[in-house]
Amino acid sequence: MIMKSLVPIVALITLVSRVQAFVSVGGTGNTHVTITGSAVMAKIHEVCKAVAESEGREFKPTGSSPEELLRACLGTATGEVSGAKFRTALNQIYMQNGFVDRDFMDSAPHHFNNEAFAEGRNLIIQGTAAIKANVGTDNLQSARETLGRVCHTLQDFYSHSNWVELGNKSPYSNLIRPDLNIENIADVAMPTCSDCASGTCPNQLLPAILNGKYLTSGYMGLFSSDKPQGKCSHGGETDLSSTQNPRGGISKDERHSHNADLHNNAVNLASEATLELLEDIRGAVGNKDFLRLMGIARSAVLAFVIDTTGSMADDIAVAKNVVYKIIDSKKGTQDEPSEYILVPFNDPDFGPLIRTTDPDIMKSEISKLKVDGGGDLPEMCLSGLQLALTGAPSSSYIYVFTDAPPKDTYLEKTITALIRSTKSSVSFFMTPTSRRRRALKAPSQFQVYYDVALASGGQAIEVSKSSLSQATDIIVDTSTSALVTILQRSRNPGRVESFSFLLDESVSNATIYITGTSLTFNLRSPTGVSQSNNVVNGPLGTIQKVGNLQRIQLKETEMGLWHIEMTTTQSYTIKVIGQSAITFIYDFVEEFKGPHPGYAVIDGRPSAGSPAKLLLTLTGEKGPEVLEVHEVALMELSGVKVSNGTIEKMGGGDFLITVKEVPEGEFVVLLKGKDKTVSSLFQRQTTTQMSQSKVTVKAIADSSMLPGQVFQLNFTVTTNGSSGTYTILARNDKTIPVTHPPTLNLVSGSSAQGTVSLTPPADMVSGTDVTLTIEAEGPGGSDSNYAVVRLSVLSKVTDLTPPKCEIVDVRGTCYSSSCSSSNWELSVNITDGKGTGIESISIQQGSGNFTQKEVEDSVIGLYEASCCSTSVTLSAVDRVGNVGRCSYTMKSSAGSRLISMSLPLWASLLLYVFLRDAFPL
């Protein structure tokens, strides 16, 4: 866009100036990320303030950081608040800038090049419709990713077209209005620019274009210098067309001396246009869902995957009690789950996925679970888990209850790919009955659960049904806000070894999990106090043993370096968690070249044989400014190798990490730093295991699927490893039939292409999210990689006109000296003509009450408020997301009347509707 594409990092970023893709905040550089980030944060602030006003509470952030905005927006509930999910959600928006510049580098519509105005506008209109539909079906990640791409294209209009040169001072609303068209586009045969040999002319546009107010944009030639005669070029070193008459270019991507004012105006209009787009989405989805879209939610998500076969009655009862316990004990705190997810499974059925933000609905749904069937042993556990992984937000904690091994073991690699993609943690509670235990051919049939748990950083707990309730304390521990992992290690076979971990001043509720059988260990505090595993209630903590799990709840979180000394040769895992606002998020990235070079997130495992690069965001209670990063390393979870990375500080809590010697096996990310506010050192680590691969799989999707129609997605497999036949698998979480080539033949150093085809059912709900996983496995299964693609199903929209909201009457008197003793009323009439009909009417701003009645083809509404709240915006949304608004501000003077008569207000409204229909204008 305007401006070189950035990387998936949060808000206003400061980056090292020598890296061309980045420019410093406070200087002259502007990027898609800074423009989108500024608009997003401004709109979030506005919506948070409106929500607080409607709830009758103050909204006063203690500082300017996103973390402090988050805390103020969430309200006054007690408990830790972590900015990790908020930052993750924002990154899901911002990271799309890199994708657009890398994957659609030569696409004129994505950048409004080559006068592709109608096509670019269609991308915006269709993308916005998909965002609204996705939010309506709770597919927030898909909505965020689409929003990031739409913002990029929308902003490019102001940099790549001549909208600014035409003297326009406001955004072109037709770009986001489906009921309006783009007007006065220069004909393909119409010359638009004069020649500029230097390439630095302040204005190349021909007088006929300026005087006639014709819309044009520069032609971009990445692979050819050809362009229509007389047309403007984009300009710049990578634009081959800029060497052909007329030379030069009209792009305002970067600020130079010859175009400084044009660049600044383009940035300002792009910012205003982004705000206008965000306001349209806000009006369609409502304030609270808009904040959820932006990641404003408490951290905890409670997700259950439950076996419902005949022998699971006791387990379901335990799960039910756990849900009730969490709901009842955490209500009104920051630990109260922001979302509840339930996926039942047995054989051959699994699902559906049930999600809700209402705890009472979750109680009702889990109480409806009924046990049935289960004659043969294996069940469809991994199919149910796949639904949960694709339906739950990223970095969720998912809990699986089962007493049988999986039948669908063919999904194991898909599950691992989804875990790596979502960074979610999966814990299994396995309760095999004695009959089932005897029926198992070998204990290894449960091994897939242990492997999946280890890959995700979760726990695999095997207990008797009678002891299950004791093991579920782990759910209470981990369904909390601001949860962090301080240490996690795995040893198989075990060995005598001492592990150290650092507890800092911000950590509370520290808990240690050790899984394995016949384990002996000794825990030692920073002051030298010790407690062995056979002391249940000792000086350092309380040890709870159940099945293969030992849970140690520390009595006090003593700051400093702790030690766990293992003295066993049995296999085991160790995990130390706690609550703290200090944490980090990360993505592996790759650098790309082109007209707007930058970094894009890697979808899959990073490439072997080259340094690994990570984009890392640090977050804390007061924002990242008070935190330091001392060390970032890739560490073998099951070994001893630690590979340190070089750290480039990019500002705003963001860092670019380069690791030259990557561990050959599975690894996690370790971070050490310092909290400057209390001079306290800290350490954190990720739990999702990752590894490198010599295979890459890339799939690019930028359009929605139509119900009942075939959708085709091209993908590319590249290898720097073995030549030969690569096995291709493609699966989705909605069981839509998929066709694809079963194999591709590759030569080392080369690529091969394939196509996946799938047809969503004709009755699939618009806004449904389909997660497609494409896997490629090398000869002999020695190496593999994957791509995870989120596809939205969107019905064709034919209603393009927004509802009409008219103010009919305003009554009341407000005095500035005493707001609480007087009230005012606003009456409105809302119609949708021949459209799809009114779906909802909500108060977008204001703390009053709104009531409504349907009269023929209209909705008449009454808004009532005290004079302490004198402004209101009502949002009327039709069934496809078009938005109409009424806004009014009550003056501190005598009340005004648009209709003045001695009738009750409802009678006035009915009379208005009658007169309107009887005497149309």
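Residues numbered from 1 in each chain as written. Predicted model: local features only at pLDDT ≥ 70, side-chain atom pairs only at ≥ 80, totals over all residues. Heavy atoms only, no water.

Colleague: Hey, could you run me through the state of the cysteines in this one?
Modeller: Linking two cysteines covalently through their sulfur atoms gives a disulfide. All chains considered together, the criterion is met by 5 disulfides. With its sulfur 1.9 Å from that of its partner, Cys-48 forms a disulfide with Cys-73. Here Cys-48 and Cys-73 share a disulfide; its torsion about the S-S bond, -90°, makes the bridge left-handed. Of this pair, Cys-48 sits in helix α1 (residues 32-54) while Cys-73 is found in helix α2 (residues 66-74), placing the two residues 25 residues apart along the sequence. Paired through a disulfide, Cys-196 and Cys-201 show a sulfur-sulfur distance of 2.1 Å. Its torsion about the S-S bond being 100°, the disulfide of Cys-196 and Cys-201 is classed as right-handed. Counting only cysteine sulfurs, Cys-48 is the nearest neighbor of Cys-151, a cysteine outside any disulfide, at a range of 18 Å. (Disulfide = S-S within 2.5 Å. Helix = DSSP H or I, 4+ residues; strand = E, 2+ residues; numbered from the N terminus.)

Colleague: Honestly, the layout of surface pockets in this entry has me stumped. Any pointers?
Modeller: The probe, sized like a water molecule, is rolled over the atoms to show the empty space still left. Put simply, the second largest pocket is a space of about 940 Å³. Surrounding the second largest pocket, 41 residues form its lining, Arg-292, Ile-296, Ala-297, Arg-298 and Ser-338 being those nearest its centre. Taken together, the elements giving at least two residues each to the lining of the second largest pocket come down to α2, α3 (84-94), α7 (140-160), α10 (287-293) and α13 (381-391). Here the residues of the lining of the second largest pocket sort into 13 nonpolar, 15 polar and 13 charged. (1 Å grid on protein atoms, 1.4 Å probe; cavity = no way out; pocket = protein on both sides within 12 Å on 5 of 7 lines; lining within 4 Å. Points joined across faces, edges and corners; volume = space filled by probe spheres on them. Nonpolar A, V, L, I, M, F, W, Y, C, P; charged D, E, K, R; others polar.)

Colleague: Explanation requested: the environment of Gly-351 in the structure shown.
Modeller: Relative to the helices and strands, Gly-351 resides in the loop between β2 (339-345) and β3 (354-356). Classification of Gly-351 by relative accessible area gives buried; the value is 19%. What Gly-351 contacts, discounting residues up to four positions off in sequence, is Val-343, Pro-344 and Leu-387. (Buried < 20%, exposed > 50% of the residue type's maximum accessible area, 1.4 Å probe, protein only. Contact = heavy atoms within 4.5 Å.)

Colleague: What's the story with the pairing of strand β5 (residues 425-430) in this structure? I'm lost.
Modeller: Remark: a regular strand shows side chains that alternate across the two faces of the sheet. Taking burial as the measure, the 6 residues of β5 include 6 buried ones, the bulk of the element. Relative to β5, strand β4 (residues 397-402) runs parallel, the two being bridged by 6 bridges. Residue pairing in the sheet places Tyr-399 in a bridge with Ser-427 of β5. On the question of chirality, the crossover connecting β4 to the parallel β5 by way of helix α14 (residues 412-422) is right-handed. In the sheet, β5 pairs with strand β6 (residues 460-462) via 3 bridges, with the strands oriented parallel. The residue bridging Phe-428 from the neighbouring strand is Ala-460, located in β6. (Pairing = 2+ DSSP bridges. Right-handed = clockwise from strand over helix to strand, strands pointing away.)

Colleague: It is not clear to me how the sheet that holds strand β12 (residues 541-546) should be interpreted in this structure. Could you clarify?
Modeller: Within a beta sheet, neighbouring strands are joined by backbone hydrogen bonds and run either parallel or antiparallel to one another. Read across the sheet, 5 strands follow the order β7-β15-β9-β13-β12 without closing on themselves; strand pairing throughout is antiparallel. Because the sheet does not close on itself, it has two edges, and the strands there are β7 (483-491) and β12. For this sheet, the mean inter-axis angle between neighbouring strands, taken without regard to orientation, is 15°. Two elements, strand β9 (residues 508-515) and strand β13 (residues 549-554), share 5 bridges in a ladder whose sense is antiparallel. Residue pairing in the sheet places Ile-512 in a bridge with Ile-552 of β13. (Axes fitted to C-alpha atoms, helices over the stretch in contact; angles between N-to-C directions.)

Colleague: For this particular structure, what's the right way to read the side chain of Thr-472?
Modeller: Topologically, Thr-472 is positioned in the loop between α17 (468-471) and α18 (473-478). A polar contact of 2.7 Å, which involves the side chain of Thr-472, links it to the backbone oxygen of Ser-469. (Polar contact = N/O pair within 3.5 Å; in protein donor to acceptor, adjacent residues only side chain to side chain.)

Colleague: For this particular structure, what's the right way to read α1?
Modeller: Three- or four-residue spacings in an α-helix give side chains the same orientation, since the helix completes a turn every 3.6 residues. Taking 1.5 Å of rise per residue, 23 residues should cover 33 Å, and α1 covers 33 Å from first to last C-alpha, within 8% of that figure. By the N-cap criterion, in which a side-chain oxygen at the helix start approaches the backbone nitrogen of a residue two or three places on, α1 is capped by Thr-31, the distance to Val-33 being 3.1 Å. Downstream of α1 by a residue or two, Gly-56 has a phi angle that is positive, lying close to 70°. (Expected span 1.5 Å × (residues − 1).)

Colleague: Looking at this structure, I do not really get the sheet that holds strand β20 (residues 642-644). What am I missing?
Modeller: Read across the open sheet, the 4 strands follow the order β20-β19-β23-β24; overall the sheet is antiparallel. Each having just a single partner strand, β20 and β24 (680-685) make up the two edges of the open sheet. Each neighbouring strand pair of the sheet contributes to a mean axis angle of 25°, computed without reference to strand direction. Sheet analysis places strand β19 (residues 627-636) next to strand β23 (residues 667-675), joined by 9 bridges and oriented antiparallel.

Colleague: Is there a simple way to explain the packing of aromatic side chains in this structure?
Modeller: Aromatic ring pairs: the centre-centre distance and the angle between the two ring planes describe each pair. On inspection of all chains with the given rule, the structure shows 19 aromatic pairs. Ring geometry for Phe-304 against Phe-401: centres 5.7 Å apart, planes inclined by 90°, an arrangement best described as edge-to-face. Highlighted residues: Phe-304 in strand β1 (residues 301-307) and Phe-401 in strand β4, separated in sequence by 97 residues. There is no split in this pair, since Phe-304 and Phe-401 are both buried. In this structure an aromatic cluster arises from ring pairing among Phe-112, Phe-117, Phe-157, Tyr-158, Trp-163 and Tyr-172. Residue placement shows Lys-363 over the ring face of Tyr-324; its charged tip is 5.3 Å from the ring centre. (Phe/Tyr/Trp six-rings, centres within 6.5 Å; stacked < 30°, edge-to-face > 60°. Lys NZ or Arg CZ within 6 Å of the ring centre and 35° of its normal.)

Colleague: Help me out: how do you make sense of the packing of α1 against α3 in this one?
Modeller: In helix packing, the relevant descriptors are the interaxial angle and the interaxial distance, both defined with respect to the helix axes. Two elements in contact, α1 and α3, have axes whose closest approach is 11 Å; the angle formed by their N-to-C orientations is 135°. Of the possible angle classes, the one that applies to α1 and α3 is oblique. Relative to α3, α1 is oriented so that their crossing is right-handed. Between α1 and α3, the residues in contact are Val-33, Thr-36, Gly-37, Val-40, Met-41 and Ile-44 and Phe-86, Leu-90, Ile-93 and Tyr-94, respectively. Its residues placed into classes, the contact of α1 with α3 shows 8 nonpolar, 2 polar and no charged. (Parallel < 35°, antiparallel > 145°, perpendicular 65-115°, else oblique. Left-handed = near helix turned anticlockwise from the far one by under 90°.)

Colleague: I keep staring at the nonpolar core and nothing clicks. Help me out?
Modeller: The tendency in soluble globular proteins is for nonpolar side chains to be buried side by side. With 59 residues, the main nonpolar core has Ile-44, Leu-147, Phe-157, Tyr-158, Leu-175, Leu-291 and Met-294 as its most contacted residues. For this core, the secondary structure elements donating two or more residues are α1, α2, α3, α6 (117-136), α7, α9 (260-285) and α10. With residues up to four places along the chain from it excluded, the contact list for Leu-175 reads Phe-112, Arg-121, Ile-124, Ile-125, Leu-154, Phe-157, Tyr-158 and Ile-182. (Core = buried A, V, L, I, M, F, W, Y, C linked by side-chain atoms within 4.5 Å.)

Colleague: Just checking my understanding: could you explain empty space enclosed by the protein for this structure?
Modeller: Using the criterion set out here, one finds 5 cavities of 30 Å³ or more in the structure. By volume, the largest cavity is sized at about 90 Å³. What lines the largest cavity is simply Glu-165, Cys-201, Pro-202, Asn-203, Gln-204, Gly-249, Ile-250, Ser-251, Lys-252, His-258, Asn-259 and Leu-262. Its residues placed into classes, the lining of the largest cavity shows 4 nonpolar, 6 polar and 2 charged.

Colleague: What exactly am I supposed to notice about the pattern of salt bridges here?
Modeller: Opposite charge on two side chains lets them pair, provided their charged atoms get close. What the rule picks out here adds up to 44 salt bridges. As a salt-bridge pair, Glu-115 and Lys-231 come within 3.0 Å of each other at their nearest N and O atoms. Here the residue Glu-115 occupies a position in the loop between α5 (108-111) and α6, and Lys-231 occupies one in the loop between α8 (207-211) and α9, the gap between them amounting to 116 residues. We classify Glu-115 as buried; its relative accessible area is 11%. On the accessibility criterion, Lys-231 (0% relative accessible area) is buried. Note that Lys-407 is salt-bridged to Asp-347, the shortest N-O span being 2.4 Å. On the criterion of sequence distance, the pair formed by Lys-407 in the loop between β4 and α14 and Asp-347 in the loop between β2 and β3 is long-range, its members being 60 residues apart. Residue Lys-407 is classed as partly exposed on the basis of its relative accessible area of 36%. Taking the relative accessible area as the measure of exposure, Asp-347 reaches 21% and is therefore partly exposed. What emerges from the salt-bridge pattern is a single network uniting Lys-43, Glu-46, Glu-279, Arg-282 and Arg-885. (Salt bridge = Lys/Arg side-chain N within 4 Å of Asp/Glu carboxyl O.)

Colleague: Is there a simple way to explain unusual backbone geometry in this structure?
Modeller: What you tend to see is this: most non-glycine residues have negative phi, and most peptide bonds are trans. Following Asn-245, the chain continues to Pro-246 via a peptide bond in cis, the omega torsion being -5°. Note that Pro-246 resides in the loop between α8 and α9. With an omega of 5°, the peptide bond between Gly-351 and Pro-352 qualifies as cis. Along the polypeptide, Pro-352 turns up in the loop between β2 and β3. Backbone geometry at Lys-213 places phi at a positive 55°, although glycine is not the residue there. One can find Lys-213 in the loop between α8 and α9. For Glu-856, which is not glycine, the phi dihedral falls at a positive 50°. Residue placement: Glu-856 occurs in the loop between β36 (849-855) and β37 (858-866).

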